[in-house]
Each structure stands twice: as C-alpha cells, then as structure tokens.
Amino acid sequence: MKLFKYELKKNVLRLSVFILLLALIGVNLFKQHETARFLGDSRIAIGVEDKSSLGRKMYEEYKGELTLQKFEALGEYRDYLQDYISSDEYKPTEEANDRFSTGYAMGDLNYSEETADKMRYAYLYPNQMIELKQRADENIEFYTGRSDFEVRKNELVKQLYTGRRISAYGNYEAFRLYFDYEFSSLVIIVMIIFAFAASLSDEKATGTDRIIRSCRRAKSVFLTKQAVMLLFITVLIVLFAVMDIVRFSSFYDGSFINQPLYAIEEYRYTPLNVTVFGAVMLSLLGKLLALVFIGEIVLLISSFTKNAGFSITLCFAAGGAMIIISEHINPLFSPLSLLNAESWMKDFNCVNIFGYPVLSFIVQFVITAALIALLTAVFLLLPGCGVQKTPDTGYTKYSAQFYGTFDTVVQIVGYCKTEEEFSRYAGQIKSRMEELSQLYDIYYEYSDESNLKTINDNAGIQPVPVREEILDLIEFCQEWYGKTDGKVNIALGPVLSIWHNYMERYSADPTDAKLPKIESLME
C-alpha cells in the first residue's frame, strides 16, 4: 500500500497534473457546446440558441409512450396545417405566430412530418425486424448444405433481432452525440502521457532503477505503476463520461436512457440488445481497454529513455502515429477503434472463428486485452524493458544488524561471494557508524576528541578544534535549512534537550511521567 501511495503521489497527485486537467476540462466544455450546436438537431435543443429550438414545444407534446391517440392528434394537426397553407388566409411572408410551435405554419408542417416519421419508425420497428428474420430464414434455407458458417450467422441474426420493440418516442440526440464524441478520449490520452511518460525515464536518469533491481523490487514497482495507471484512467473515463452525458443532456432530452439502444434510429441494426445505459457501460469498457493499451505503450517508451522531455515527445509522436495507422487497418486489430463506440455498436458484423460467427466487437475486446497482456509480458520477461531479472553472478545475499549507534537499529544488506567477506565489510561499516555516532553526539563526550556536545558546551566561551566531518555536517545542514524553508534546523538542540531530560527523569517510573511545560519548549 505504501508503494501504491508513493507511485500515486509521484505520477498523479501533482499540481501540474491538476492544472492541466482543469484546462482540458474547460476546452472539452467548449468542444461539447460546439458539437451539440453543429452536429445535433438544434430545433429541439434546450440550451443552444432559443431561435433554433422552436420545435421543442411540439416535441414535448408528443414524446413518451407511443399511443394511437398521439398518432391521430398529429395527423389531424398536419391536415389542419395543409388546409391552412392551401387557403387564402395563409401569407408566405407572415410574421411569427404564437399559435404555431415553431412560430410558422410551414415550419410546423415540416417538423410535424419529421415527427411523424420518427414516431412511425418506433411504431413499425417490429415489422422491420420480422422482415429481417424472414430474410434470415431464406438465407438459412439457401446455405444449408453449402456453408455451415452462413447458416450459423443467420441463426445468430434471428436470435439477436427477434422480439424487439420500441415503446416510446423520444429524442436521443444526447446519446447519439455521446457515442460519436471522441474529443474526451483525446483529452484522456494527453493526461496519460503527461502523467506517466516520464515515470520510468526519471528513474533511469537518477539511477533509481538500478537500486530497485538490486533490491529485487522491479516487478512489484512496475505492477504498482500499472495499478496506479489503471485507477487514473478509470477515474478519468468515468469523470468525462458523466460530463459528456450531462452536458449533451443539458442541450437535448436525456430522459430516455432506459430505452433500448435500437430506439436510436441510426442504431436500428445494432447487435446489442441492451438499453442506452447498458450501451454506455459497454462503451466505457471499450474505452478502458483502448486507453490502458495506450498507457502500456507510454510506459514502454518511458522505459527506453532517460530524458523526460524526450520521452513525452516520443509518446505524443507514437500516439499520433497510432491514430493515423488505425484509420488504415482492419478495426479488429486497432485498439483505438474502441474509443468511438458508434464504430463498433452501430451495425451487425461478425468474424468467422473456426466456422462459428462471433460478433466483431467481442473479438476487438479480446484482441486488445491480449495486446495489453503481451505488453505487460514484455516488461516482466524481456531484459532491458523496465524489469530485469537479476543474473546469477555467484554472489549471495547476506544481512547483519546492530544497535547502539545513533540510538537506533542499523541493518546492513549486501551481496558477497563468501560470508567472511561480508562480515569484514559489515565490521568496517559498524566501526565507521560508531565513530560518527560519537562525533555527532550532543549528550555525551568521548575521550579527548571534540564532538557536538563539546561545541555546545563551549559556545560563546572559546573556539573548539573539530574534525572535518563535523564541519561538513554543519555546512550541509545550513544549506538544507534554506532549501527546505527551515524544516531542517540544527538549532532545535535546546528543545531536544528538554525532551531528553524528561525522558531520563521518568524512565525509571513511566507511570509518573509528565510532559514538559509548553513555555519551556517555546523559549
């Protein structure tokens, strides 16, 4: 968990990441507005432009459950409009009139005909599916004995398209736009590159990767990076999906999310027998697979470079290349095609797998997941790709520990050919630690050599000759006092002394222990 928190803080929980995210959210909001304005049916929009949404009054009157009364009422209104336009009372140049939903008789007539067409689509949709089933039966009869695959494919068509019906007329512009909207995915790709392109590059530049491998933690570190990246991508996908749907629903009616996906006329032949909400969930899964694949590519590039800026540049170049390539290859082998839900949800397509028809989008999902697993294997198994297996060099891992220096436990871990060799090095380390512990001790003096206690006792009285190690330590602390805005402060000795005295005083009887007075600590 500590490693996960560290990688999360290192890669994601950075001010620059949040600033970029806020900036891209602002750009995305503008792009959503432009998409709704220019690609949606603005005549029934709520918030694009008032003059463009005049048809909404008629839409509100007829939306909802399909009933014979609504069909009859709409037909009577169309007859009335046709009679009015044919009469002498009608003036082509007449001004807007409140008795018409759009303000004009001709506008109401045109929109009522389109409304009738959409209601007719919903009402007659079962008949279209019956015709499709009949064609499938004819194909089965024709291909029987000729092609088992074609027989099975048409049986699948019958299974998928039998029993479909649409019970309500509504506007699905919000969801049609959402399924075809790709800008949010582009924003997430930018965020992935910005957050993770330098992750492994920085470790290579500082030599941290060698330390990680020597500690045999390379595998766990890489898998933790993957887990953090997966969490980051999932949060961004959900965040932008909610933003996109809410934003488009603020322009158009988003209340029909529980209607079947094929209620959207452009999706009449979708192989998915799910609600619009179910289709949204599937689209999120498709995006997750595609974006995790991109994230794996980003980590792969990062593992080969030491320069963070160069790594980011390469990642953007690779992303652009993948986008271009995805437009010219079979979508089955292009994970990026999953970013656009319309491309794989809209129509029936299947693949011949050993004579059996399998829906194309399922094959896309499986291939993308396999590519992700392959890239992960590259990191975990191949040398030079982020996680390297420690070779057998004849060295053995040894460890030792001792207590007493700096009032703490010191543990030594090393790799040597023999235990005697390691013991010799460990003894040298222990001797040096004991020497430094005495030099830096502020509570006790040792032999005739000056240490920090000697310096404190003679402060303001007389100069004290000291060893170079003490001068180096003081200069180092002064330097880091400025770098850390006072967090490294060697002048805290008097405060530590008070705590030390209290600890000595009450160590024999902890039940009677007391805290120092706040006044003495603040002097």
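What you see is a predicted model; the values in this text were computed from it and never measured.

Q: So what about the overall build of the protein chain? Which residues, and what values?
A: A count of helical and extended segments in the protein chain gives 20 helices and 6 strands. Since a compact globule built from 523 residues should have a radius of gyration of about 24 Å, the 36 Å found for the protein chain marks it as more spread out than a globular shape. Buried residues in the protein chain amount to 41% of all 523 residues. Long-range contacts, defined as pairs at least 24 residues apart, comprise 68% of the intrachain contacts of the protein chain with a sequence gap of at least 6. When the accessible surface of the protein chain is summed, it comes to about 29,600 Å², and 58% of that surface belongs to carbon and sulfur atoms. Averaging the coordinates of the 52 positive side-chain charges in the protein chain and doing the same for the 65 negative ones gives two points 4 Å apart.

Q: Please provide a residue-by-residue account of the nonpolar core, values included.
A: Of all hydrophobic cores here, the largest spans 104 residues; its most connected members are Phe179, Phe196, Leu291 and Met345. Considering each element in turn, this core owes the most residues, 15 residues, to helix H12 (residues 276-302). If we skip the residues at most four places from it in the chain, Phe196 touches Asn11, Val12, Lys225, Val228, Met229, Phe232, Val298, Leu299 and Ser302. Counting 7 residues, the second-largest nonpolar core is a separate cluster that includes Tyr398, Val410, Phe422 and Ala426.

Q: An account of the confidence of the model for the protein chain is requested, with residue identities and associated values reported.
A: In this model, the protein chain carries a mean pLDDT of 86, and residues with pLDDT of at least 70 account for 93%. Per-element confidence in the protein chain ranges from a low mean pLDDT of 67 for helix H20 (residues 518-522) to a high of 96 for strand E4 (residues 356-359). Taken as a whole, residues 47-53 scores under 50 in pLDDT and shows 14 contacts with residues more than four places along the chain or in a different chain. Taken as a whole, residues 384-390 scores under 50 in pLDDT and shows 17 contacts with residues more than four places along the chain or in a different chain.

Q: Which residues make up the side chain of Ser302, and what values do they have?
A: Examined against the element boundaries, Ser302 turns out to sit in helix H12. Using a relative accessible area of 0% as the deciding quantity, one classes Ser302 as buried. Within the structure, Ser302 has its side chain in polar contact with the backbone nitrogen of Ser201 (distance 3.0 Å). What Ser302 contacts, discounting residues up to four positions off in sequence, is Phe196, Ala197, Ala198, Ser199, Leu200, Ser201, Lys204 and Ser311.

Q: Let's hear about helix H18 (residues 468-483): which residues, and what values?
A: For H18, which comprises 16 residues, the first-to-last C-alpha distance of 23 Å matches the rise-based estimate of 22 Å (1.5 Å per residue) to within 8%. Among all positions of H18, only Glu469, Ile470 and Cys477 are buried. In an axial view of H18, the angular spread of the buried residues amounts to 95°, which keeps them on one side of the axis. Residues of H18 that are exposed and point more than 90 degrees away from the buried face comprise Glu468, Glu475 and Gln478. Where H18 is buried, its residues contact helix H16 (419-439) and helix H17 (452-457). Downstream of H18 by one or two residues, Asp485 has phi in the positive range, about 55°.

Q: Explain a nonpolar patch on the surface to me, using residue names and the numbers behind them.
A: Together, Val238, Val242 and Val246 line one region of the surface with nonpolar side chains, adding up to about 240 Å² of accessible area. Within the secondary structure layout, Val246 lies in helix H11 (residues 218-251).

Calculation notes
- Residues numbered from 1 in each chain as written.
- Predicted model: local features only at pLDDT ≥ 70, side-chain atom pairs only at ≥ 80, totals over all residues.
- Heavy atoms only, no water.
- Helix = DSSP H or I, 4+ residues; strand = E, 2+ residues; numbered from the N terminus.
- Rg over C-alpha atoms; globule rule 2.2 N^0.38 Å.
- Buried < 20%, exposed > 50% of the residue type's maximum accessible area, 1.4 Å probe, protein only.
- Contact = heavy atoms within 4.5 Å.
- Areas by Shrake-Rupley, 256 points an atom, 1.4 Å probe, with all protein chains shown as cover.
- Lys, Arg positive; Asp, Glu negative; His and termini not counted.
- Charge placed at Lys NZ, Arg CZ, Asp CG, Glu CD.
- Core = buried A, V, L, I, M, F, W, Y, C linked by side-chain atoms within 4.5 Å.
- pLDDT = per-residue confidence, 0-100.
- Polar contact = N/O pair within 3.5 Å; in protein donor to acceptor, adjacent residues only side chain to side chain.
- Expected span 1.5 Å × (residues − 1).
- Arc of directions from axis to C-beta.
- Patch = residues over 30% accessible without salt bridge, like charges linked within 9 Å, V, L, I, M, F, W, Y side chains within 5 Å.
- Salt bridge = Lys/Arg side-chain N within 4 Å of Asp/Glu carboxyl O.

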